[in-house]
Amino acid sequence: MNILITGGRVIDPANHVNEVMDVYVQDGRIASLGAAIPGFVAELTLDASGKVVSPGFIDLCATMREPGYTHKGTLRSETHAAAAGGITTLCCPPTSNPVNDSAAVTKLISDKARQAGFTRVLPIGALTKGLEGEQLANMQGLSESGCIAVSNGRNAIRNSLTLMRCLEYAATFDLLVIFQSQDPDLSAAGVMHDGANAVRFGLPGIPETAETIAVARDLLLVEQTGVRAHFGQLSTARAAQLIMDARAKGLRVTADVAVHHLLYTDAKLNGFNSLYHVNPPLRSAIDRAGLREALLGGTLSAICSDHQPHDEAAKRAPFGATEPGISGLETLLSQALLLVEQDVLTLDQLIEKLSLGPARVLGLDSGQLGLGSVADICVFDPEAEWTLTEEAMRSSGKNSPLLGLPLKGRVCYTLVDGELVYQAS
């Protein structure tokens, strides 16, 4: 379909574009910016006046729940939510049931996502069989089946020799390994950041060292094996410093941060609101400041949602007994725009962290609007005010602490491969 997007402010950090111009989409690709194409006849015209036209967002960590946990979410419901959030590509961890440790599971995920037709889904394969941390998964087979990377999620591999063998295998085939580093013994009993607020609330804490010790070990093995590595959802300033030091030494490492760790601190748990129960936990104001600094300085390449949908029962219990996670696909943009409002990032920088940055982490030729590139596009109104309601949420997981609160910044249109997959009502 030939699509013309008119009058929008096009922001494309990859090509240093920030100006009002028309966008011409033909055969699923960007055919022209600004200048009209001879003989071009638009089959669909989208008015973007007063709005921003950006590359579609790429989310490095969004749990789909399917297969296995369809009472919490399905590939259809969660990709629909992603489209409503301007996300055109998302990576799903291997923590399904069965675990994504075989080509059959990878194919099932890819086929169901394709049938849903909302967004592009890039499965992440398991680093070890069953995520049990003992036997190596067939990583090369997973890669050939469509997995963008391999990971053991937050299922720690306690045996360092086993982890080293995994990294050697991945390095042999130049596979990207994604770490969600956390020491299982230091974090086992905790439900929030180990600090003054944990003492005040009487809740068991997860110390900063649960992350930093694990990151330090993982970085040493990355250095030894030479594997490409990405560290997902860092929550502490010291862990970000470790990544910065590793990059300065020439290690092929990148890192991202979940949007809620850039905005909130453990003080949000006052009142024991289980909707703020996340893992890794919301940290101190010092950690938040350090993460923001690392984001601005380039140590953190991307912002993700760390989307984890839950059924109602998962959050209805005493705080420590609830399951961690926030349903965050549909609010990723409005939350991230607070970083612009608070003068942490410019709008150009924010769009880069949501599109080009994650594309580079994954080695994708996307996250941009250059001529001939795939037409994955988000059109949003940064000034639009709205309220999130359970009835309007596309995600099966209604576990958002933002329900009923006024939000600013809303997606108007989302295009994937030049097809309109979402239009605000």
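Residues numbered from 1 in each chain as written. Predicted model: local features only at pLDDT ≥ 70, side-chain atom pairs only at ≥ 80, totals over all residues. Heavy atoms only, no water.

K.L.:
I'd like a rundown of the UniProt feature "domain: Dihydroorotase catalytic" (unreviewed entry) in the chain, residues and numbers included.
P.N.:
UniProt records the feature "domain: Dihydroorotase catalytic" (unreviewed entry) at residues 50-236, using the numbering of this structure. The span residues 50-236 is 37% helix and 19% strand, and its two end C-alpha atoms sit 37 Å from each other. (UniProt positions renumbered as here; feature names shortened; annotations may be inferred. Helix = DSSP H or I, 4+ residues; strand = E, 2+ residues; numbered from the N terminus.)

K.L.:
Could you give an account of the nonpolar core, naming the residues involved and the relevant values?
P.N.:
Within the largest apolar cluster, 90 residues are counted, with the highest numbers of intra-cluster contacts made by F231, L234, V253, I303 and F380. Each of domain 1 (2-53 + 374-423) and domain 2 (58-367) contributes no fewer than three residues to this core. Among residues more than four places away in sequence, those in contact with F231 are F179, S181, V215, D218, L219, I243, V253, T254, A255 and D256. The next biggest cluster of nonpolar side chains, apart from the first, holds 18 residues, and it includes V23, A48, I377 and Y413. (Core = buried A, V, L, I, M, F, W, Y, C linked by side-chain atoms within 4.5 Å. Buried < 20%, exposed > 50% of the residue type's maximum accessible area, 1.4 Å probe, protein only. Domains from an automatic or database assignment. Contact = heavy atoms within 4.5 Å.)

K.L.:
Please provide a residue-by-residue account of helix α8 (residues 237-248), values included.
P.N.:
Helix length check: α8 (12 residues) gives 17 Å between terminal C-alpha atoms against 16 Å at 1.5 Å per residue, within 8%. Within α8 the residues assigned to the buried category are A239, A240, I243 and A246. For α8, the buried positions fall inside an angular range of 120° around the axis, keeping them on one side. Exposed side of α8, more than 90 degrees from the buried face: R238 and A248 are the residues found there. A positive backbone phi angle near 95° is found at G250, which sits one or two residues after α8. (Expected span 1.5 Å × (residues − 1). Arc of directions from axis to C-beta.)

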